[in-house]
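Commentary on secondary and tertiary structure
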Amino acid sequence: MTKNPYITMKNMKKSFNGVPVLKNVTLQIEKGEIHALLGENGAGKSTLMNILGGVHQPDNGSIYINDKEVKMSNPRISQEQGISFIHQELNMVTDLKVYENMFLGSELRNKMGFLKVEEMCQQTHDILAKLGVDIDPKEYVRNLATSYKQLIEISKALLHKSTIIIMDEPTTSLAEHEVNRLFELMKNLKKSGISIIYISHKLKEIKAVCDRYTVLRDGEMIKSGDVEQEDLDTITKLMVGKSISQNRFVHEHTFGPVLLEVNNLTSFGLFKNIHFQVKKGEIVGFTGLAGDGRTELFESLFGYRKKYTGEIKINNQLIKIDHPRKAVEAGIGLVPKDRKENAIIKDLSVIHNMSLSSIGNFEKSGFILDNAERDKFQYYKELLNIKVHNPRITIDKLSGGNQQKVIIAKWLEVGADILIFDNPTQGIDVGAKQEIYQQIVALAEQGKSVIILSSEAPEVMRICHTINVMYQGEITARFNGEEATEEEIMHYATGSKREAAKIG
Amino acid sequence: MANTNVKEYSPQVSSAKSRLTWLWSEYSVIIAFIIIFIASTIMNPRFLDINNQLNILMQVSIIGIVALGMTVVMLSGGIDLSVGSVLALVGVITVLALNASGSILVGIFTALVVGSFAGFLNGLMVAKGRIASFIATLGMMAAARSIALYIAEGGSVSGEVKGFTAIANNDLWIFDYPVLIFFAMTALVYILMHKTRFGRYVYALGSNEKAAMLSAIRVDRIKIAVYSLAGLLVSVAAIIETSRLNSISSSSSGVQYELDAIAAVIIGGTRMTGGRGKIIGTLFGVLILGILNNMMNLMNVSPYLQGFVKGLIIIIAVVFQKRE
Ligand SMILES: Nc1ncnc2c1ncn2[C@@H]1O[C@H](COP(=O)(O)OP(=O)(O)OP(=O)(O)O)[C@@H](O)[C@H]1O
Ligand SMILES: [Mg+2]
């Protein structure tokens, strides 16, 4: 903070409907640094960045770039000032091709006004290559996996010759090797004098790439400093006000009988020969790299995908599930990943999102009881610490992490006997993560079967009794949760080792 | 934790502006209605006459009932172009059933069955056949009109049962039956959409179909129900239309009703892509259209120009929608 910073956001204030979200925040970014913006869910990080990106207007405060005051009246102006913004939620037009998305709104044209398709494809290809992504620029975005969508979103920001790049949780859907490539790229950008504002709840990432940090809490600037000089625990404390143990949850368990049994499940091109069992009270994890087929496997189990062979038994009874409704009737719930696409109904209120899959719990003679819904939401709001002032507003007004908590509440309310969580802590802060793990453990202690899908090995290692590792649609290893090491898991996840015998 | 005890801030003076924008965004159609109403009162003294007012209500009731169903379809993310033709078909078959049986009850029952069956077929095509609703109902539009023309040999059919005309031509106190039926239907559809799970599911499906499905909603069945409901409401409208003159024309009845209904829904603030909108909005959308028609008649605007004015209003409504 000694020399003049490149960007200063000074005394930022912002309220939504009379609720203050930013209370006098000052943020300073130097040229050529990677600056971590940290804070709990709902602390105001995205809001602050939306102001810098011209999406929202501040109630008070000013922005200086190179000591010159600038007004970001709309996103276009912000872009002209050299700011690129990778938003927290993906904003792709899925019915367009990759290159069309990349150049949306800034298409290249020749003198006659025709689009220079080949050149756009070439540039798209080059930028994606820098991130190590090899996809056809003419592929439709809807056919791509989420991690690619996220990478395209990142590439799009690189396309404009910007001097400041805002990355709001860019790695929530990325696999580790993709994250590492992104970090390489970020370091290169930094060397060429570009400043990056980096928001993430993964503290390991902060340590890995960021130079300085600023912590927000409840809309106030708490502290800013050098990342090197702080350890993770201190930063955590600054963010959530207490330290969080990263240790494995030790839980006493007495498993009941086998509740779910899957035999020989196969779906062409997605997964094959899947066998596993889940007992009552057991937490089973599935991990692997992107494209290992775990999401598709459980979407099939949940009845969302129908083209598969093999048998599924619940309580030793063979069942056929061809629609999510049937899965729920059979006692299976699924918290999907990628909430914006798969879980959020953005036009419904927070409360109505919570009750959507269990409206029966709130009905009396065919009519929905508003009060019952509201009271139940109040319960989850306290249980999961959901930060929302007025739960009647539409859910898209909540911060990313808080949206995720509502989705978890929605499935807790269904009360399924077998609950599948796909990437459940996407966008959730370290403190809240702990609370969600506690809820999951509590479910198991109540005798429910829980399945956790995650690309982060440490996550499954923290709470699962049994860990399955998948590689290219097959289960390649099965560990006891206490014995697994991250290294072992990686071996099987990358296919360099197989343990077919143990799995049978 | 730090954030459980965030104080509840009540809206303050500083938010007066934001409250105004909220008011506008939630109730713009009602505000527009009030403005148009006042402007009409000033422009023509005959407008406020009670008989004229009741006349407007009477004139909008048929389109109003059709527009209610259209709202539900559009909230689900679809559109129903077949309403006008289905109305004619239902009318023709109803008159035949009425004349054959001599019973008003049989006539009404036939109407309801034919209308909801046509809607059911629309729903089936959209939900199970995965045909875009625009195409599916365009097909139904052509097919239903053609069958109506065939049955009636291109002409009109008239009722021969005494008492059938009472449905549209009697009144209770100052209100004609069709107006009362329209209000009753509005209330019913309102309750259905805002107080029952069906309504909740329709909004969810119109907003994010994949997420609705993953929320364990039977998306296909809801879609079929939505189109069937629209068909059922069309048959209610068809009964009134037929009863009014005790006859129905296979060639001209119901022509362009889909346009008026869609216009009312859009003016009422329902989003074209679904998931967002209100039944009350449609009610006021219908009333605004009614007042405009009425004013153009009172002010002797050429009937040929009335479509132009209506078109203009729809486009303005959509522009306003886009802005948010
Ligand atoms: N458009 C809006 N209308 C009303 N409230 C809003 C709006 N946008 C954000 N908020 C509120 O502002 C607060 C801060 O949200 P913000 O998205 O900035 O949090 P965040 O720090 O990015 O959290 P997360 O880590 O969960 O993404 C939240 O309580 C949120 O509900
Ligand atoms: Mg955020």
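Starting afresh in each chain, residues are numbered from 1 along the sequence in its written order. Labels follow written order: the first chain is A, the first ligand is 1, and so on. For this predicted model, a pLDDT threshold of at least 70 governs which residues receive local features, and a threshold of 80 or more governs which side-chain atom pairs are given and counted, while totals over whole chains, interfaces and linings are taken from all residues. The basis for every side-chain value is the complete set of non-hydrogen atoms in the structure, without hydrogens or water.

A few words now on the domain arrangement of chain A. Size of an interface: often given as the accessible area lost when the parts come together. Residues and elements named next belong to chain A. If you check the domain split of chain A, you get domain 1 (7-240) and domain 2 (258-468 + 486-493). Domain extents, as shown, originate in an automatic or database domain assignment. On a C-alpha basis, the centroid separation for the pair domain 1 and domain 2 is 29 Å. Opposite the 24 residues of domain 1 that make contact, domain 2 presents 24 residues. Accessible surface is computed with a 1.4 Å probe, and the buried area is the amount of it that two parts give up when combined, taken over both parts together. It is Asn41, Glu89 and His201 that lose the most area in domain 1 upon contact with domain 2, and together they represent 29% of the buried surface on that side. Should a side-chain nitrogen of Lys or Arg be within 4 Å of a carboxyl oxygen of Asp or Glu, the pair is scored as a salt bridge. Counting across the interface, domain 1 meets domain 2 through 3 salt bridges. We define a polar contact as two N or O atoms separated by no more than 3.5 Å, with the added condition that, inside protein, one atom must be a possible hydrogen donor and the other a possible acceptor, whereas residues neighbouring each other in sequence contribute only through side-chain atom pairs. Inspection of the domain 1/domain 2 interface yields 10 residue pairs in polar contact (both at pLDDT 80 or more). The contact definition used throughout considers only heavy atoms, calling two residues in contact when any of these lie within 4.5 Å.

Before going further, it helps to spend a moment on the site of ligand 1. Residues and elements named next belong to chain A. Ligand 1 sits among 18 residues. The nearest are Gly42, Ser46, Thr47, Ser399 and Gly401. Glycine 44 places a main-chain nitrogen or oxygen 2.9 Å from an oxygen atom of ligand 1. Measuring from a nitrogen atom of ligand 1, one finds a backbone N or O atom of lysine 397 at 3.3 Å. Against a free-state accessible area of 640 Å², the protein chains account for coverage of 88% of ligand 1. Numbering of helices and strands runs from the N terminus, with a helix taken as a DSSP run of H or I at least four residues long and a strand as a DSSP run of E at least two residues long. Elements with a minimum of two residues in the shell around ligand 1: helix H1 (45-52) and helix H14 (400-414). Broken down by element, the shell around ligand 1 gets its largest block of residues, 3 residues, from H1. Amino acids are sorted into nonpolar (Ala, Val, Leu, Ile, Met, Phe, Trp, Tyr, Cys and Pro), charged (Asp, Glu, Lys and Arg) and polar (every other residue, Gly among them). Along the lines of polarity and charge, the residues of the shell around ligand 1 split into 4 nonpolar, 10 polar and 4 charged. A domain split of the shell around ligand 1 shows at least three residues from each of domain 1 (7-240) and domain 2 (258-468 + 486-493). When we say a residue is near a molecule or strand, we mean one of its heavy atoms is within 4 Å of it. Note on areas: Shrake-Rupley with a 1.4 Å probe; residue coverage comes only from the protein chains shown.

Moving on, we come to the interface of chain B and chain A. Taken together, the contacts link 36 residues of chain B with 48 residues of chain A. Between chain B and chain A, roughly 3500 Å² of surface is buried when both sides are summed, and carbon and sulfur atoms account for 53% of that area. Inspection of the region where chain B meets chain A yields 13 residue pairs in polar contact (both at pLDDT 80 or more). A per-element tally of the side of chain B that touches chain A places helix H8 (residues 197-207) of chain B first, with 6 residues.

Right, let's get into the pairing of strand E2 (residues 19-29) of chain A. A regular strand places its side chains on the two faces of the sheet in alternate fashion. Residues and elements named next belong to chain A. A pair of strands is treated as paired once DSSP finds two or more bridges between them. When strand E1 (residues 7-16) meets E2, the two strands line up antiparallel, connected through 8 bridges. Paired with serine 15 across the two strands is proline 20, which belongs to E2. Counted between consecutive antiparallel strands, the loop separating E1 from E2 contains 2 residues, among which asparagine 17 sits at a positive phi close to 45 degrees.

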